[in-house]
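# Analysis of the macromolecular model
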Amino acid sequence: KNQVEQSPQSLIILEGKNCTLQCNYTVSPFSNLRWYKQDTGRGPVSLTIMTFSENTKSNGRYTATLDADTKQSSLHITASQLSDSASYICVVSGPYGNNRLAFGKGNQVVVIP
Amino acid sequence: NAGVTQTPKFRVLKTGQSMTLLCAQDMNHEYMYWYRQDPGMGLRLIHYSVGEGTTAKGEVPDGYNVSRLKKQNFLLGLESAAPSQTSVYFCASSYDPTGRRNPQHFGDGTRLSIL
């Protein structure tokens, strides 16, 4: 069973609108949670990293939240742009760090004009 | 500053052929990783290295070998390619093995097709 579940699998939004992506995880014990953006044909690029004690972290128009008690995270995209079209991957780290990460399958976002 | 560079970007092989994928990083990172990404699945770790001269198995190591002779380079080898190894391969490097302070940096991938 996958330890990281992301929803929705895909969505289409109008340029300028906001959207929220969800990530639920079962990894325990928990160390940190990361959101990556992956453009088509490119490698993932880090957006945010949150540890147990952090509830929210922003990177420009991207805001990630974390509720370690319910094991849920969200990524909010504000005022979407065409360049936001990408896959957004949630990655959860437990006690073994980068040697044993749990990767979600990604949220595919398409922004249309 | 190039970051993580992977070569080649694309390759088509026949079953049974061998090849080596090269990953080079210019950030002086100790830790390097090889992943594969398949449709409908999350990234899966093949092998990793915690420093020059060291390698270790990840989640899906069968059919692959690796070497880290120089700190900046991490090579992934397929000795006898199989169609099941058709995938996109990503290399990553990091300064911090926990990921709490610094993220992994990924290359742009090698798209490999085995016929």
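Figured I'd write up the structure that's included with this text. The residue numbering used here restarts from 1 in each chain and proceeds along that chain's sequence as written. All chains are assigned letters beginning at A, and all ligands numbers beginning at 1, according to the order in which they are written. For this predicted model, a pLDDT threshold of at least 70 governs which residues receive local features, and a threshold of 80 or more governs which side-chain atom pairs are given and counted, while totals over whole chains, interfaces and linings are taken from all residues. Note that the side-chain values use all heavy atoms of the structure and ignore hydrogens as well as water.

On to the sheet that holds strand β1 (residues 4–7) of chain B. Paired through their backbone hydrogen bonds, the strands of a sheet run either parallel or antiparallel. Residues and elements named next belong to chain B. Only when DSSP finds a minimum of two bridges between them are two strands counted as paired. In this text, helices come from DSSP runs of H or I with a minimum length of four residues, and strands from runs of E with a minimum of two, each type numbered from the N-terminal end. Reading across from one edge, β1-β3-β8-β7 is the order of the four strands in this open sheet, with antiparallel pairing throughout. At either margin of the open sheet sits one strand with a lone partner, and together these are β1 and β7 (65–67). Strand after strand, the sheet turns through a mean of 20 degrees between neighbouring axes, direction not considered. For every element, the axis is a line fit to its C-alpha atoms; helices are fit only across the contacting stretch, and the angle between N-to-C directions ranges from 0 to 180 degrees.

A few words now on the pattern of salt bridges. Two side chains with opposite charge may pair up if their charged atoms get near one another. The salt bridge criterion pairs a side-chain nitrogen of Lys or Arg with a carboxyl oxygen of Asp or Glu, the two atoms within 4 Å. Using the criterion set out here, one finds eight salt bridges over all chains in the structure. In this structure, Asp84(A) and Arg61(A) form a salt bridge, with 2.8 Å as the shortest nitrogen-oxygen distance. Remark: Arg61(A) occurs in the loop between β6 (56–59) and β7 (62–67) and Asp84(A) occurs in the loop between β8 (72–77) and β9 (86–93); sequence separation between them is 23 residues. Note that Glu30(B) and Lys71(B) form a salt bridge whose closest N and O atoms lie 3.1 Å from each other. In this pair, Glu30(B) is assigned in the loop between β3 (19–25) and β4 (31–37) and Lys71(B) in the loop between β7 and β8 (73–78), connecting sequence segments 41 residues apart. Throughout this description, buried means an accessible area under 20% of the type-specific maximum (1.4 Å probe, protein chains only), exposed means over 50%, and partly exposed covers the range between. Among the residues examined, Glu30(B) registers a relative accessible area of 34% and is labelled partly exposed. Salt bridges here are not isolated pairs; linked through shared partners, they connect Arg36(B), Asp38(B) and Arg44(B).

This part is about the state of the cysteines. Residues and elements named next belong to chain B. We call a pair of cysteine sulfur atoms a disulfide whenever their separation is within 2.5 Å. Applying the stated criterion across every chain, the model contains two disulfides over all chains. The disulfide that involves Cys23 links it to Cys91, with 1.9 Å between the sulfurs. Taking the torsion about the sulfur-sulfur bond, which here is approximately -75 degrees, the covalent link between Cys23 and Cys91 counts as left-handed. Of this pair, Cys23 sits in strand β3 while Cys91 is found in strand β9 (residues 87–94), placing the two residues 68 residues apart along the sequence. Note on accessibility: Cys23 and Cys91 belong to one class, buried.

What follows is about the nonpolar core. Only buried residues count toward a nonpolar core, which is a set of Ala, Val, Leu, Ile, Met, Phe, Trp, Tyr and Cys residues joined through side-chain atoms within 4.5 Å. Leu21(A), Tyr25(A), Leu33(A), Trp35(A), Leu75(A), Tyr88(A) and Val92(A) are the most contacted members of the largest nonpolar core, which has 26 residues in total. When checking whether two residues touch, look at their non-hydrogen atoms; a contact exists if any pair is within 4.5 Å. With residues near it in sequence (within four places) discarded, Val92(A) still touches Val4(A), Tyr25(A), Val27(A), Phe30(A), Asn32(A), Leu33(A), Leu101(A) and Ala102(A). In this structure, Val4(B), Tyr64(B), Val66(B) and Leu78(B) belong to the second largest nonpolar core, which totals 19 residues.

This part is about the interface of chain A and chain B. On the chain B side, the residues contacting the 21 residues of chain A number 24 residues. When two parts are put together, the accessible area they lose, computed with a 1.4 Å probe and summed over both, is reported as buried area. Carbon and sulfur atoms supply 51% of the area that chain A and chain B bury against each other, a total of about 1700 Å² over both sides. The largest share of the area that chain A buries against chain B comes from Asn98(A), Asn99(A) and Phe103(A), three residues that together contribute 33% of it. Applying the counting criterion to the chain A and chain B interface returns one salt bridge.

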